[in-house]
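One-letter residues, chain by chain:
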Amino acid sequence: QVQLVESGGGLVQPGGTLRLSCAASGSIFSINAMAWYRQGPGKQRELVARLPSGGTTNYADPVKGRFTISRDNAKNTVHLQMNSLKPEDTAVYYCNAQITLISRSQVSSWGRGTQVTVSS
């Protein structure tokens, strides 16, 4: 019913930048919140940044001041601008959206993830 497709991952040197994007499509009535999570090697998935509709943006402490989450509501898209990347940012990054469907059911949808590798 809903698909989330991430793009923009890749290999970057320490101190570099990447911009991730995630586009939601399907039987969407509204998107209540969009977020980025990540899962590093041998680690649990963790919240990176969350942007609810009309609410306060939340960032994980390790990325504050370096990452910026933004939304394009008209295109059902969320972006994650990542600056000053560090090797510890290496992870698979996942998009998540809290969605109200046309049927008025509410679902939490996940993308398949995009790999970000920070290495010299």
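Remember, predicted model here, so these are calculated numbers, not experimental data. (Residues numbered from 1 in each chain as written. Predicted model: local features only at pLDDT ≥ 70, side-chain atom pairs only at ≥ 80, totals over all residues. Heavy atoms only, no water.)

**Regarding the sheet that holds strand β8 (residues 77-82)**
Logical step 1: Here 4 strands make up an open sheet; going across it, the order is β1-β3-β8-β7 and the pairing antiparallel. In this open sheet, the two strands that pair with only one neighbour each are β1 (2-7) and β7 (67-72). Across the sheet, the mean angle from the axis of one strand to that of its neighbour is 15°, orientation sign disregarded. (Pairing = 2+ DSSP bridges. Helix = DSSP H or I, 4+ residues; strand = E, 2+ residues; numbered from the N terminus. Axes fitted to C-alpha atoms, helices over the stretch in contact; angles between N-to-C directions.)

**Brief notes about the pairing of strand β4 (residues 28-39)**
Logical step 1: Sheet topology places β4 next to strand β9 (residues 91-101); 10 bridges connect them, and they run antiparallel. Its bridge partner lying in β9, serine 30 is registered against threonine 100.
Logical step 2: When β4 meets strand β5 (residues 46-52), the two strands line up antiparallel, connected through 6 bridges. Following the sheet pairing, tyrosine 37 is matched in β5 by leucine 47.
Logical step 3: Linking β4 to β5, which pair antiparallel, is a turn of 6 residues; within it glycine 42 sits at a positive phi near 70°.

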